Amino acid sequence: QVQLVESGGGLAQAGGSLRLSCAASGRTFSNYVMGWFRQAPGKEREFVAYIHRNGVLTYYADHVKGRFTISRDNAKKTVYLQMNSLKPEDTAVYYCAASSRVAGGWDYQTKYDYWGQGTQVTVSS
């Protein structure tokens, strides 16, 4: 069982930055691929980024590539999402998720076993 708690959301101006954190409980954090997803008002939840267990392999959605960076610290059982050059369209509730799947496809929500409660990010123009 893994419990995930996000933090770091808030209000930012367009062009600004925020850093989200997701702290995990449990002993086997390093066994999970960690992902970030987001859900804007009136829209479906969408993939943002994931990071492999080893912290080396990462993958980003096109709409955040070059602006967002995902990282993890397995010793601290925490995954981060550094968000730079924020845009108003980045406004959403951001969720972290953990996947025990080994076969890839981690840009799909169905691959994830555990989810956090979400943290609100609001970007003003």
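Preceding this paragraph is the structure being described.
Here we summarise the structure given alongside this text. None of the values given here were measured: they were computed from a predicted structure.

Let us now look at the overall build of the protein chain. Scanning the protein chain from N- to C-terminus turns up zero helices and eleven strands. Relative to the 2.2 N^0.38 estimate, which gives 14 Å for 125 residues, the radius of gyration of the protein chain is 13 Å and therefore close to what a compact globule would have. Taken along its principal axes, the extent of the C-alpha atoms in the protein chain is 40 × 25 × 25 Å. By residue count, 45% of the 125 residues in the protein chain fall in the buried class.

Moving on: the sheet that holds strand E1 (residues 4-7). Strand pairing in a sheet relies on backbone hydrogen bonds. The paired strands run either parallel or antiparallel. In space, the four strands of this open sheet follow the order E1-E3-E8-E7, with antiparallel pairing throughout. The open sheet has two edge strands with one neighbour each: E1 and strand E7 (68-73). Averaged over all neighbouring strand pairs, the angle between strand axes comes to 15 degrees, with direction disregarded. As defined by bridge partners, strand E3 (residues 18-24) adjoins strand E8 (residues 78-83) across six bridges and the pair is classed as antiparallel. Paired with Leu18 across the strands is Met83, a residue of E8.

Cut-offs and rules
Residues numbered from 1 in each chain as written. Predicted model: local features only at pLDDT ≥ 70, side-chain atom pairs only at ≥ 80, totals over all residues. Heavy atoms only, no water. Helix = DSSP H or I, 4+ residues; strand = E, 2+ residues; numbered from the N terminus. Rg over C-alpha atoms; globule rule 2.2 N^0.38 Å. Buried < 20%, exposed > 50% of the residue type's maximum accessible area, 1.4 Å probe, protein only. Pairing = 2+ DSSP bridges. Axes fitted to C-alpha atoms, helices over the stretch in contact; angles between N-to-C directions.

From the geometry alone we can't say anything about function, so treat these as descriptive.
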